[in-house]
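So the chains spell out like this:
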Amino acid sequence: MPRKISAKLGMAALAVAGLGFTALAPASADTVPGQDSVPGSYTPGTSVVGVGSDTIQWVDDALSGDYNTFNAAQVTKTPYWANFDACLGNTTAGAPGLGDNPDGSGFPCGADHTGTKAGVKRDEGVVDAAAAGGALPSGSGDGRTLLRNPSDKLFMDVAYGRSSGPLNTTDLNAGEIALPFAVDKIVVVTHPGGPAPASLSGQQLLKIYNGTYTNWNQVGGQNAAIHPYLPKAGSSTLNAFESFLAALDGTTEAPGSDNDPTSHAAASQVWQGPGNAINDSNWNLGAANVEEHDPSVTIADQNAIEPFSYGRAQLANGASQTVRIEGGWSADRELYHVVRGAAITDAVTTPFLYGSDGGLLEGLFSSTGYVCTNATAQADIATAGFWPLQAGSSTGNCGVKNNNTVDTITQTSSHGVDEGAVTTTSGQFFAGALHITVASTDASTPTGTVQVVVADPSTPSGSPAASFHKTVALASDGTATVTLPATVAGHKTVDVAFLPTNFGANSSAGGHTALGSSYAEFPANIPVAAVATKVKATAKPLVLANATRHTSVTATVKAKTGTKKPTGKIVIKRGTKKVGVGTLVHGKVTIKVKGTSLKKGTNKLVVKYVATGGFKAPKTFPTIIITRTK
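About the cut-offs
- Residues numbered from 1 in each chain as written.
- Predicted model: local features only at pLDDT ≥ 70, side-chain atom pairs only at ≥ 80, totals over all residues.
- Heavy atoms only, no water.
- Helix = DSSP H or I, 4+ residues; strand = E, 2+ residues; numbered from the N terminus.
- Buried < 20%, exposed > 50% of the residue type's maximum accessible area, 1.4 Å probe, protein only.
- Polar contact = N/O pair within 3.5 Å; in protein donor to acceptor, adjacent residues only side chain to side chain.
- Pairing = 2+ DSSP bridges.
- pLDDT = per-residue confidence, 0-100.
- Contact = heavy atoms within 4.5 Å.
- Phe/Tyr/Trp six-rings, centres within 6.5 Å; stacked < 30°, edge-to-face > 60°.
- Core = buried A, V, L, I, M, F, W, Y, C linked by side-chain atoms within 4.5 Å.

Participant: Before we move on, can you summarise the side chain of Asn402 with the specific residues and values?
Facilitator: Among the secondary structure elements, Asn402 is positioned in the loop between β15 (387-388) and β16 (423-430). Given the relative accessible area of 0%, Asn402 is considered buried. A polar contact is formed between the side chain of Asn402 and the side chain of Asn404, at a distance of 3.1 Å. Of note is the side chain of Asn402, whose polar atom sits 3.1 Å from the backbone oxygen of Val406.

Participant: Describe the pairing of β16, listing the residues and the values that go with them.
Facilitator: When β16 meets strand β17 (residues 433-440), the two strands line up antiparallel, connected through eight bridges. Looking across to β17, one finds that Gly427 is bridged to Ile436. Two successive antiparallel strands, β16 and β17, enclose a turn made up of two residues, where Ala431 displays a positive phi of approximately 50°.

Participant: Can you lay out the confidence of the model for the protein for me, pointing to particular residues and giving the numbers?
Facilitator: In this model, the protein carries an average pLDDT of 80, and 79% of its residues clear a pLDDT of 70 or more. Across residues 89-118, where pLDDT falls below 50, the model places 75 contacts with residues more than four positions away in sequence or in other chains. Segment residues 253-287: pLDDT under 50, and 79 contacts once partners within four positions in sequence are set aside and those in other chains are kept.

Participant: With reference to specific residues and values, describe the packing of aromatic side chains.
Facilitator: Tallied over the full model, the rule gives 11 aromatic pairs. Considering the side-chain rings of Phe70 and Tyr370, the 5.3 Å spacing of their centres and the 40° angle between planes classify their relative orientation as tilted. With a gap of 300 residues between them, Phe70 in helix α1 (residues 54-72) and Tyr370 in helix α9 (residues 370-373) connect regions that are remote in the sequence. The exposure class of Tyr370 is buried, given its relative accessible area of 5%.

Participant: Account for the nonpolar core, naming residues and giving values.
Facilitator: Of all hydrophobic cores here, the largest spans 39 residues; its most connected members are Trp81, Phe181 and Phe365. Within the residue set of this core, elements represented by two or more residues are α1, β6 (176-190), α7 (310-317), β14 (331-340), α8 (360-365), α9 and α10 (375-383). With seven residues, the single largest contributor to this core is β6. When sequence neighbours within four positions are dropped, the list of residues in contact with Phe365 reads Trp81, Tyr160, Leu179, His337, Val339, Val371, Cys372 and Gly399.

This is how it looks when you write it as structure tokens:
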């Protein structure tokens, strides 16, 4: 099932507030052979040069650096590998978390959510002095475009493009090949101390981004406005996340189309709300599109939510947490090294052609190459917060060509090394309670918690706040039972998100140490619960002179919750004999008990309440002793 029309029902190893991360220390900006203690020599046009996605730049810094060390130790050496990062850090003094250089905290271009620090695009001269004056690619799409653009000054120098998304139709028609090497997860992040809950389901995310939910208390959080953000146009993370939202809303996009606001079809905009109502001024403090994987958004705005690469979230957190990864929903995606697979039209010559050049690129990126088979390379991928793709020759394995416009991994299987098993969450209402089950695709039983949110169904005009939300632990068999309060009744929508117990930074595979999270949404018709009551009774007189006399028994029934007056009848019994009956009026009734219905001596009367109208009688009833002397 391609990512264009699916969402992951499990797999994300997720972080909650207070969880520490292993500090993922990226290399210094760029990896250039012969500089900064990197072995080898660098020659433009000969060295293997990579540019493009900022999502992948940090792992490729590590991969290229370690490859150059490996290469230097070989008898027969190949050209060395250089990796040039997407952007410079913001040089404005006092920019939060930045300083003068990228620090690995997730500020790929130095931008922040206010738009006042837009970052600095790099000059192509850092790759080749002869190319000075051009703009170095700063994203997946830019990197792939350079490979097929002979007019770019770096066309002859760049060997591959880093891409966190699959090819588009233009790339494919130009003969480009995508070589997957790792699994990343698109997740959503929020402020660690903010009002958002720990988990969100897919439907909740859709309703946040289409404007239905505008307050965190509608999804189980605190009473605070939701500020949803998206990455800037051209981001592969944006494209994938929009595809997910469109699929949830019943919209399928043409494979290979970019899903940014400037290029995709109007039908794909359905999720943005009626008439594309979400815009810069009304949905996130005037900054609809922010720098991809920039944690300054959530640092500055505790009400924020934004889609994020799981690996980049690990990197952003480093030794201290700056973003909280939400449990519940996640979507797997492949990370690629994109190469030229055919001669480029209008190019005098096509450099770094996969399948030629003595197998140079195959030796790095194929299923038998360095990235897919070397133990150090596999560790580099895991340390960067990603999962190395499984080795093999079938589609979806490491280094196997992807000549299409969708990811080749499915969303219902594990494809990464040590990624863990897929979990599915399901639920239903019966026997007066919500019954939740979290199951795994392997033999293990999931452990952790589920967050349950119950709300009235959404309407075109919006959705009310959640009428109930609670987080409960799974039992040893992977189930949970949640009893709802009497105040929750009627036709409801139930969202359940699972958060696994064991996850974090100590795994050998990017922080994943347990079964993945998953989510479910289902309707429930919840009957009105009976309101508990209490009954009091008095009688006058308590002594009757003879059988011709009578006593008056006054019974009062009160509801334990609410202000509604109980309805029903009062039945007075002496043993099994009924000696008086009356109907409650405003919760009260007085009943005449004739002396003829009593025996001479002591009579024990039980005042029973027969409830109607959604009320429930107590387990015990008051008694009255009446004495008849003759």
